[in-house]
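Here are the chains, one letter per residue:
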Amino acid sequence: MSHPHGYQPFPQLFAQAKLLLLACILLAFSSFSFGKDLPRAKPENVGVSSERLQRFPDTMQRYIDDNMLAGTVSLVSRNGKVILLESQGWKNKETDEAMTDDAIFYIQSMTKPIVSTALMMLYEEGRFLLTDPISNWIPELEGKQVIINEGGQNLRIQAKRPITFRHVLSHTAGVDPSRDALTEAERELLAREATLEATLIKRAPLPLSFHPGDDWQYGSSTDYVALLVERISGQPLVEFLQERILDPLQMHDTFYNVPRDKVNRVAAVYSPTGPNKTIELFQAPEFRETTYFGGVAGLSSTVSDYWRFSQMLLNGGELDGVRLLSPKTINLMISNHSGDNDVYIRGPGYTFGLGFGLVSDAGKARDPLTPGTFSWGGAWGTIFWVDPVENMIGIMMTQISSYSHITVRQDTGVTAMQSIIDSYSNKPFSVAPYAKRD
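Residues numbered from 1 in each chain as written. Predicted model: local features only at pLDDT ≥ 70, side-chain atom pairs only at ≥ 80, totals over all residues. Heavy atoms only, no water.

A. Spatial organisation of empty space enclosed by the protein. Tallying each qualifying case throughout the model produces one cavity of 30 Å³ or more. By volume, the largest cavity amounts to about 30 Å³. In terms of lining, the largest cavity is formed by Arg 346, Tyr 350, Asp 367, Leu 369, Ser 375, Ile 383, Trp 385 and Arg 409. For the lining of the largest cavity, the residue count by class is four nonpolar, one polar and three charged. (1 Å grid on protein atoms, 1.4 Å probe; cavity = no way out; pocket = protein on both sides within 12 Å on 5 of 7 lines; lining within 4 Å. Points joined across faces, edges and corners; volume = space filled by probe spheres on them. Nonpolar A, V, L, I, M, F, W, Y, C, P; charged D, E, K, R; others polar.)

B. Fine view of the nonpolar core. Judged by nonpolar contacts, the single largest core of 112 residues is most densely connected at Leu 119, Leu 241, Ile 245, Tyr 306 and Ile 395. Excluding its chain neighbours within four sequence positions, the residues that come into contact with Leu 119 are Phe 128, Phe 165, Leu 169, Val 225, Leu 228, Val 229 and Ile 232. Ranked by size, the runner-up nonpolar core spans eight residues in total, among them Val 258, Val 263, Val 269 and Trp 380. (Core = buried A, V, L, I, M, F, W, Y, C linked by side-chain atoms within 4.5 Å. Buried < 20%, exposed > 50% of the residue type's maximum accessible area, 1.4 Å probe, protein only. Contact = heavy atoms within 4.5 Å.)

C. A look at the sheet that holds strand β14 (residues 374-377). Strand order in the open sheet formed by eight strands is β3-β2-β1-β16-β15-β14-β13-β12, with antiparallel pairing between adjacent strands. The open sheet terminates on both sides in strands that have one partner only, identified here as β3 (97-98) and β12 (350-352). Here five bridges tie strand β15 (residues 383-387) to strand β16 (residues 392-397), and the two strands are oriented antiparallel to one another. By the bridge assignment, Phe 384 is partnered in β16 with Ile 395. Its contacts with the sheet put helix α12 (residues 408-417) on β1 (71-78), β14, β15 and β16, and the angle it makes with β15 is roughly 35°. (Pairing = 2+ DSSP bridges. Helix = DSSP H or I, 4+ residues; strand = E, 2+ residues; numbered from the N terminus. Axes fitted to C-alpha atoms, helices over the stretch in contact; angles between N-to-C directions.)

D. Molecular detail of the pairing of strand β5 (residues 145-150). Sheet analysis places β5 next to strand β6 (residues 153-158), joined by six bridges and oriented antiparallel. In the strand pairing of β6, Asn 149 is matched with Asn 154.

E. Region of interest: the layout of surface pockets. Estimates place the volume of the largest pocket at around 510 Å³. For the lining of the largest pocket, a count of residues per class yields 12 nonpolar, seven polar and six charged.

F. Main features of the pattern of salt bridges. Counted according to the given criterion, the structure contains 13 salt bridges. Notably, a salt bridge pairs Arg 288 with Glu 286, separated by 3.4 Å at the nearest N-O pair. We classify Arg 288 as partly exposed; its relative accessible area is 32%. Overlapping salt bridges, with partners in common, bring together Asp 102, Asp 253, Lys 262 and Arg 265 in one network. (Salt bridge = Lys/Arg side-chain N within 4 Å of Asp/Glu carboxyl O.)

G. View of the side chain of Asn 341. Assignment of secondary structure puts Asn 341 in the loop between α11 (327-333) and β12. A residue is classified by how much of its surface remains accessible, and Asn 341, at 19% relative accessible area, is buried. A polar atom in the side chain of Asn 341 sits 3.0 Å from the backbone oxygen of Ser 338. (Polar contact = N/O pair within 3.5 Å; in protein donor to acceptor, adjacent residues only side chain to side chain.)

H. Examining the packing of aromatic side chains more closely. Overall, the coordinates contain 13 aromatic pairs when judged by the stated rule. Ring centres 5.2 Å apart and planes at 75° place the aromatic pair Trp 216 and Tyr 344 in the edge-to-face group. Remark: Tyr 344 occurs in the loop between α11 and β12 and Trp 216 occurs in the loop between α7 (196-202) and α8 (221-233); sequence separation between them is 128 residues. Assessed through its relative accessible area of 2%, Trp 216 is described here as buried. Taking the centre distance of 5.7 Å and the plane angle of 50° together, the rings of Trp 216 and Phe 352 count as tilted. (Phe/Tyr/Trp six-rings, centres within 6.5 Å; stacked < 30°, edge-to-face > 60°.)

Below, the structure written as structure tokens:
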């Protein structure tokens, strides 16, 4: 029976109130469970000052208050225990949705370390050597030519050496020639196809920008890493990652295609196109689906998931009784494989390993991290670093299309490092790069 003026009998109101209360409890339990799944400790129990650590979220809040960032999720852990997990600001300012610890972010180039790990798992199975030509598995890339400039003319000569597994893992393969040096017909080969394999095989006739190993170039190298995973394993990359990395590490919120029922957790992307480089909406969350599963970028993830991946690396390849790699392989991955070549995207003081940037010289590096720290970031503002000396991990996720005008990523290192009051720099640590011998 309906009632005028919106009146409802008490039993019906009581039933609706119970449903509302249940929904609130479930929502609260979901957020609580997300944080509860992580091993926690008080900062002082792991040699960190709570008061000093508070400078990390305080710094993030200043960016949010100044409308330079919409929101952030920050995490710091030491000795395998999370000592800071804080969500601040908005997941979506336009809809007034607060940022949450379980927000999902487009991690862009933070895809690279995960895909590089996949290939190194196959390395451990004895499927290849780092010095092997990748044409053993991608014969379409055999006999590559190199562009050289002589007297203002672009000439093509035979490459001095083949592209190896080490080259594609360390970005020293030269697989991204300048468009200006290509013919019109060659430029047409650059357009992306629906799948990774179709794209790279179409580009196979393109020349290299330098002889493999002679320089360092940031670009599409890790897409070749992804294709190698597929060719060697006989599985699509997305299946290999799910079965061999994501499921074993319980990374249940890491996807190429975020499921429809989780899109509400995706953070909006902003750009610094407002007055004085304040933020404006760049991309609202919506369901998107792709068949292009690349190594360069493509994954979305959460701070919690990426912490599990990072802690596995810091543990020497194992987490919660699940081993993905040997500590010896981690040591190999975080050693310098780029030589003296300029890792220009990070600047002086950095070299490059097999999937990670490496802090090699604290006196030159922009990031105030311990030498031996390995890290990488994403084009939309995300960053992670793993410090084997201090046994510490730092992760910050935000979504901004350009951030060269702010130092938020470096600030994560400053505020985390200064919070340490008991340094481990004179103690043994779990994994370490191999030192270069003169």
